[in-house]
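# Coordinate inspection notes
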Amino acid sequence: MEIYRIGINGFLVPHYLLDGGFIGIALLLQYYFHFPAGLCSALLSIPLIIYAWMKDRKQFHGSFYGMILTAIFIDLLAPYQFLLPIGLSAILGGAICGVAVGLMLRYETSTAGTDLLAYFISKITPINIGILFVVIDGLIVLSGYQVLGLQSVVFSSITILVAGSLASICYERF
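Described below are features of the structure shown in this document. (Residues numbered from 1 in each chain as written. Predicted model: local features only at pLDDT ≥ 70, side-chain atom pairs only at ≥ 80, totals over all residues. Heavy atoms only, no water.)

### Comments concerning the nonpolar core
Y4, I8, L27, L105, Y119, I129 and F133 are the most contacted members of the largest nonpolar core, which has 44 residues in total. Put simply, the parts of the chain that give this core at least two residues each are α1 (2-12), α2 (21-33), α3 (37-55), α4 (57-76), α5 (86-106), α6 (114-124), α7 (129-143) and α9 (150-173). Looking at this core, the element that brings in the most residues is α5, giving 7 residues. Not counting residues up to four positions away in its chain, the partners in contact with Y4 are D19, I23, T70, C97, A100, V101, M104 and T111. (Core = buried A, V, L, I, M, F, W, Y, C linked by side-chain atoms within 4.5 Å. Buried < 20%, exposed > 50% of the residue type's maximum accessible area, 1.4 Å probe, protein only. Helix = DSSP H or I, 4+ residues; strand = E, 2+ residues; numbered from the N terminus. Contact = heavy atoms within 4.5 Å.)

### Details of unusual backbone geometry
Its identity as a non-glycine residue notwithstanding, Y16 has a phi of 55 degrees, on the positive side. Mapped onto the fold, Y16 is located in the loop between α1 and α2. Exposure remark for Y16: the relative accessible area of 46% places this residue in the partly exposed category. Backbone geometry places H34, a non-glycine residue, at a positive phi of 65 degrees. Counting through the fold element by element, H34 comes out in the loop between α2 and α3.

### Details of empty space enclosed by the protein
Take a probe with the size of a water molecule and roll it over the atoms, and the empty space left behind shows itself. Scanning the entire structure with this criterion turns up 1 cavity of 30 Å³ or more. Volume-wise, the largest cavity comes out at about 190 Å³. In terms of lining residues, the largest cavity is bounded by 22 residues, among which Y4, D19, G20, V101 and D115 are the most central. Of all the secondary-structure elements, those providing two or more residues to the lining of the largest cavity are α2, α3, α5, α6, α7 and α9. For the lining of the largest cavity, the class distribution of residues is 10 nonpolar, 9 polar and 3 charged. (1 Å grid on protein atoms, 1.4 Å probe; cavity = no way out; pocket = protein on both sides within 12 Å on 5 of 7 lines; lining within 4 Å. Points joined across faces, edges and corners; volume = space filled by probe spheres on them. Nonpolar A, V, L, I, M, F, W, Y, C, P; charged D, E, K, R; others polar.)

### So, the packing of aromatic side chains
Going through the model one piece at a time under the given rule, you end up with 6 aromatic pairs. For the ring pair Y32 and F33, a centre distance of 4.6 Å and an interplane angle of 85 degrees mean the geometry is edge-to-face. Taking the relative accessible area as the measure of exposure, Y32 reaches 52% and is therefore exposed. For F33, a relative accessible area of 45% puts it in the partly exposed group. With 5.5 Å between their ring centres and 25 degrees between their planes, F33 and F35 make a pair best called stacked. (Phe/Tyr/Trp six-rings, centres within 6.5 Å; stacked < 30°, edge-to-face > 60°.)

### Topic: the packing of α5 against α9
Put simply, α5 and α9 touch, their axes get as near as 7 Å, and they point 30 degrees apart. Taken as axis vectors, α5 and α9 run roughly parallel relative to one another. Note on packing geometry: the crossing formed by α5 with α9 is right-handed. Residues belonging to the contact of α5 with α9 are distributed by class as follows: 15 nonpolar, 7 polar and 3 charged. (Axes fitted to C-alpha atoms, helices over the stretch in contact; angles between N-to-C directions. Parallel < 35°, antiparallel > 145°, perpendicular 65-115°, else oblique. Left-handed = near helix turned anticlockwise from the far one by under 90°.)

### A few points about the environment of I6
Turning to its location among the elements, I6 is positioned in helix α1. For the pair formed by I6 and L29, sequence separation is 23 residues and the distance between their alpha carbons is 19 Å. Apart from residues lying up to four places away in sequence, I6 is in contact with F11 and F82.

### Some points on α3
An ideal rise of 1.5 Å per residue puts 27 Å on 19 residues; α3 measures up with 27 Å between its terminal C-alpha atoms. By the largest-angle criterion, I46 marks the main kink of α3, which is about 45 degrees, and a proline, P47, follows within four residues. Where α3 is buried, its residues meet α2, α4 and α6. (Expected span 1.5 Å × (residues − 1). Bend = angle between axes of the 7 residues up to and from the residue.)

Given below as structure tokens:
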């Protein structure tokens, strides 16, 4: 899971890029209001954690621990950033986050964000989990346009396309 936090803080935050999901919303709150992204993502995850408790206890346990560790390490690792060009940061950040999320879901854990939501939706519909990631995360990235501008939305979109593709591959094929 620590690799996920490196993807966020190391590659996305230096360029004000967004990931999707609750982390993306939390990053928006961090960029705009300077709230700690880890804490915000944990608070946003509470309703899904409650749903997981009621519907899938095994997924709940992994997601609860994933949420706590994600929140703590995102805030602890916030100072550690890599200064790479924005395009490379978008691709590497997306790749690292996508592989991490795909593997977490494969082993029945998650960050307890929209990855958990996508997991539950994919269990009851024939929709591919990677497509769900891209749609949900795309809506979140688009919501950042007013705050972050077009450049951030374009490169954040690259991030979520890479992340969604790799999450799907890691979840379904490895």
